[in-house]
Amino acid sequence: MNPLKYVDSHMKTLVSDLQMLIRQPSVSAKNEGIVECANLVKKLLVNSGIQSDLLQLKKNIAPIVYGEIKSKSNPSKTLLFYNHYDVQPAEPFELWDDPPFSGKIKGNKVFGRGSADDKGELITRIKAVEAFLKTTGDVPCNVKFLIEGEEETGSAHIENYLKKYKKKFSCDGIIWEFGYVDSKDTPIVGLGMKGLLFVELSVKESVRDAHSSLAVLIKNPAWRLIEALKTLRDENGHILIKDWYKDVIPFTKTDLEIISKEPFDENSFKKEFGINSFIGNMNGMAAKKALVGSPTCNIAGFVSGYIGEGAKTVLPGKALVKIDFRLVPKMDPKKQVLRLKTHLKSKGFSDIKIKIFHGEAAARTNTSDPFVTKVQNAANESYGKSILNVSNAGTGPMFSFANILKAPCISIGSTYMFSRIHSPNEFARIDLLKKTTKCICLIMEKFGKD
Ligand SMILES: [Zn+2]
């Protein structure tokens, strides 16, 4: 039997193993079932013939499940699978049709928190390796698994783990933890992710809220913050901070070709969000380019004064805003923070306090890397088609991987784009789990050949 046939005839066990994983809650935000789930994943790896260990940076930090299998026929190339075993909290429970950790099957779907993100993705990779081991007694290249338990809370220790176990994780190519399949069942081969800088700006004027009749004398911190915010960005979304775009490199010709080929249904996108137009009346190619490569300055939340029912004439003592800036390749979060600080000072806002929550650089795999063609060919063979994506509009710790392990990173997987990840009634589609498992087999095979 060949590995692809093995996948066909072992879908029942793949699905029941996924159910077993779903039934073990592993909510990192609440530290619920983390160690239990790590042990379960380790057991699954071992059962599939993969040597596995738990790595622990420090006590009370979620362990990494590490897996490794060496190739007898081609030990010169190593593929690393990055996944996570933790999940988002399942709340609000009442919106689930079935209990969130039940792993209930209905038709072509397995329901449950983590069924797609990321336990579904993980199971396809474990089973792809198993398919080779059980049919050929070997794998076409060395395979490593790095499965973390803090992804859903921001991968706080992944960089330290990567640094400490750099040698152990060394590899020639990385398959990212997720991969989307679009509404037409086309898998997206993703080559990058944007970076992120999350900050809080606050102004404190008086020691307490005051009667609003005193607004003739006391400065209002909400106005103060609004004035500062107005200097950060124009109405078309262009960021006005000095040198904000200085390090950004323009798209290459190939990037632009790939972007132009990417489908983007503007009208259904607008319908989905109930909006009539995009920022600056952008459309077509400009909108697609923005998704792939535009930095943003977004107000995530703004609090000040009274926002309860009815009226309250109050002059707030303080105001606070949370802002996320999406970053693109070559923008260094540390440098961008300095630029923001210098900007506020130069505009006369030295009274505004800045708190930095999170800084992460963007990453992008070069479109000409031979790994890209191999993954895309595997996707085409398994799904009959694929779409290349220069960069996802979202953020993940891809830069740490690419920078520390010095290997190209690509995302490809089984997550149907409307599979309600992070929401009630999350599901994984069984047909996509099968296609993806075969796709992973083909990636391993092509990766092993040179
Ligand atoms: Zn997630």
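Here we look at the overall build of the protein chain
When you go through the protein chain residue by residue, the secondary structure sums to 14 helices and 21 strands. Taken against the 2.2 N^0.38 rule, which gives 22 Å for 450 residues, the C-alpha radius of gyration of the protein chain at 24 Å falls within 12% of a compact globule. Principal axes of the C-alpha set define a box for the protein chain whose edges measure 85 × 50 × 45 Å. When burial is assessed residue by residue, the protein chain has 53% of its 450 residues classed as buried. Charged side chains in the protein chain number 65 positive and 50 negative. The centres of these two groups are separated by 3 Å.

Comments concerning the domain arrangement of the protein chain
As far as domains go, the protein chain holds domain 1 (3–191 + 365–448) and domain 2 (194–248 + 295–360). For domain 1 and domain 2, the distance between their C-alpha centroids amounts to 38 Å. In this assembly, domain 1 packs against domain 2 so that about 500 Å² is buried in total across both faces, 40% of it on carbon and sulfur atoms. Scanning the region where domain 1 abuts domain 2 turns up zero salt bridges. Seen at the junction of domain 1 and domain 2, the total is four residue pairs in polar contact (both at pLDDT 80 or more).

Quick look at the coordination of the zinc ion
Note on metal geometry: ideal angles are 109.5 degrees for four donors arranged tetrahedrally and 90 or 180 degrees for six donors arranged octahedrally. Coordination of the zinc ion by the protein comes from Asp117 (OD), Glu152 (OE), Glu152 (OE) and His422 (NE2), over a distance range of 1.8 to 2.6 Å. Considering all four donor atoms around the zinc ion, angles at the metal cover 54 to 139° and the coordination shape is irregular. Between the donor residues of the zinc ion, the gaps in sequence give the motif D-x34-E-x269-H. In this pair, Asp117 sits in the loop between β5 (109–111) and α4 (119–136) while Glu152 sits in the loop between β6 (142–148) and α5 (158–164), placing the two residues 35 residues apart along the sequence. Of the two residues examined, Asp117 and Glu152, each falls in the buried class.

A closer look at the pairing of strand β3 (residues 78–84)
Burial analysis of β3 places seven of its seven residues in the buried class, which makes it a mostly covered element. Both faces of β3 are covered, namely the face carrying Thr78, Leu80, Tyr82 and His84 and the face carrying Leu79, Phe81 and Asn83. When β3 meets β6, the two strands line up parallel, connected through seven bridges. Pairing of Leu80 across the sheet is with Lys144, part of β6. Bridging between β3 and strand β7 (residues 173–175) involves three bridges; their strand directions are parallel. By the bridge assignment for β7, Phe81 is matched with Ile175.

What about helix α2 (residues 11–23)?
With 13 residues, α2 should reach 18 Å at 1.5 Å per residue; the first-to-last C-alpha distance of 18 Å fits that figure. Looking at α2, one finds that the buried residues are Met11, Leu14, Val15, Asp17, Leu18, Gln19, Leu21 and Ile22.

Observations regarding helix α12 (residues 370–383)
Compared with the 20 Å implied by 1.5 Å per residue over 14 residues, the 20 Å span of α12 between its first and last C-alpha is a close match. Residues Phe371, Val372, Lys374, Val375, Ala378, Ala379, Ser382 and Tyr383 constitute the buried set of α12. Considered in projection along α12, the buried side chains sweep an arc of 170° and stay on one side of the axis. Turned more than 90 degrees away from the buried face of α12, the exposed residues are Pro370 and Glu381. A side-chain oxygen of the first residue of α12 lies 2.9 Å from the backbone nitrogen of Phe371; this N-cap is Asp369. Gly384 sits one or two residues past α12 and shows a positive phi near 85°.

Remarks on the packing of α12 against helix α14 (residues 430–448)
In the contact formed by α12 and α14, the axes pass within 8 Å of each other and the chain directions differ by 140°. Considering their axes alone, α12 and α14 lie oblique with respect to each other. α14 is crossed by α12, and the crossing has right-handed handedness. Only Leu432, Lys435, Thr436, Lys438, Cys439, Leu442, Ile443, Lys446 and Phe447 of α14 make contact with α12, whose side of the interface consists of Phe371, Lys374, Val375, Asn377, Ala378, Ala379, Glu381, Ser382 and Tyr383. Here the residues of the contact of α12 with α14 sort into 10 nonpolar, three polar and five charged.

A short note on the environment of Lys318
Turning to its location among the elements, Lys318 is positioned in strand β14 (residues 318–327). Its relative accessible area of 57% is what places Lys318 among the exposed residues. Once the C-alpha coordinates of Lys318 and Asn220 are considered, the two residues, 98 residues apart in sequence, prove to be 8.0 Å apart. Here Lys318 is in contact with Val203, Lys204, Pro221, Val303, Ser304 and Gly305, once residues within four sequence places are set aside.

With respect to the pattern of salt bridges
Applying the stated rule across the entire model yields 18 salt bridges. For Lys104, the salt bridge is made with Asp98, and the minimal N-O distance between the two is 3.8 Å. Among the residues examined, Asp98 registers a relative accessible area of 15% and is labelled buried. Between Glu381 and Lys446 there is a salt bridge whose closest N-O contact spans 2.6 Å. Of this pair, Glu381 sits in helix α12 while Lys446 sits in helix α14, and the two are 65 residues apart along the sequence.

Thoughts on the sheet that holds strand β4 (residues 105–106)
In space, the three strands of this open sheet follow the order β4-β5-β21, with antiparallel pairing throughout. At either margin of the open sheet sits one strand with a lone partner, and together these are β4 and β21 (427–429). Judged from the three bridges that link them, β5 and β21 form a sheet pairing that is antiparallel. Residue pairing across strands places Phe111 opposite Phe427, the latter belonging to β21.

Topic: the packing of aromatic side chains
For any pair of aromatic rings, the description rests on two quantities: the centre-to-centre distance and the angle between the ring planes. Following the criterion strictly, the structure yields 18 aromatic pairs and no others. Here Phe178 and Tyr180 contribute two aromatic rings whose centre-to-centre distance is 5.0 Å and whose plane-to-plane angle is 45°, an arrangement assigned as tilted. By relative accessible area, which is 12% here, Phe178 ends up buried. With a relative accessible area of 26%, Tyr180 lands in the partly exposed category.

Conventions adopted
- Residues numbered from 1 in each chain as written.
- Predicted model: local features only at pLDDT ≥ 70, side-chain atom pairs only at ≥ 80, totals over all residues.
- Heavy atoms only, no water.
- Helix = DSSP H or I, 4+ residues; strand = E, 2+ residues; numbered from the N terminus.
- Rg over C-alpha atoms; globule rule 2.2 N^0.38 Å.
- Buried < 20%, exposed > 50% of the residue type's maximum accessible area, 1.4 Å probe, protein only.
- Lys, Arg positive; Asp, Glu negative; His and termini not counted.
- Charge placed at Lys NZ, Arg CZ, Asp CG, Glu CD.
- Domains from an automatic or database assignment.
- Buried area = accessible area lost by both parts, 1.4 Å probe.
- Salt bridge = Lys/Arg side-chain N within 4 Å of Asp/Glu carboxyl O.
- Polar contact = N/O pair within 3.5 Å; in protein donor to acceptor, adjacent residues only side chain to side chain.
- Donors = N, O, S within 2.8 Å, 3.2 Å for Na, K, Ca; no water.
- Tetrahedral: all angles 85-135°; square planar, octahedral: opposite > 155°, others 65-115°.
- Pairing = 2+ DSSP bridges.
- Expected span 1.5 Å × (residues − 1).
- Arc of directions from axis to C-beta.
- Axes fitted to C-alpha atoms, helices over the stretch in contact; angles between N-to-C directions.
- Parallel < 35°, antiparallel > 145°, perpendicular 65-115°, else oblique.
- Left-handed = near helix turned anticlockwise from the far one by under 90°.
- Contact = heavy atoms within 4.5 Å.
- Nonpolar A, V, L, I, M, F, W, Y, C, P; charged D, E, K, R; others polar.
- Phe/Tyr/Trp six-rings, centres within 6.5 Å; stacked < 30°, edge-to-face > 60°.

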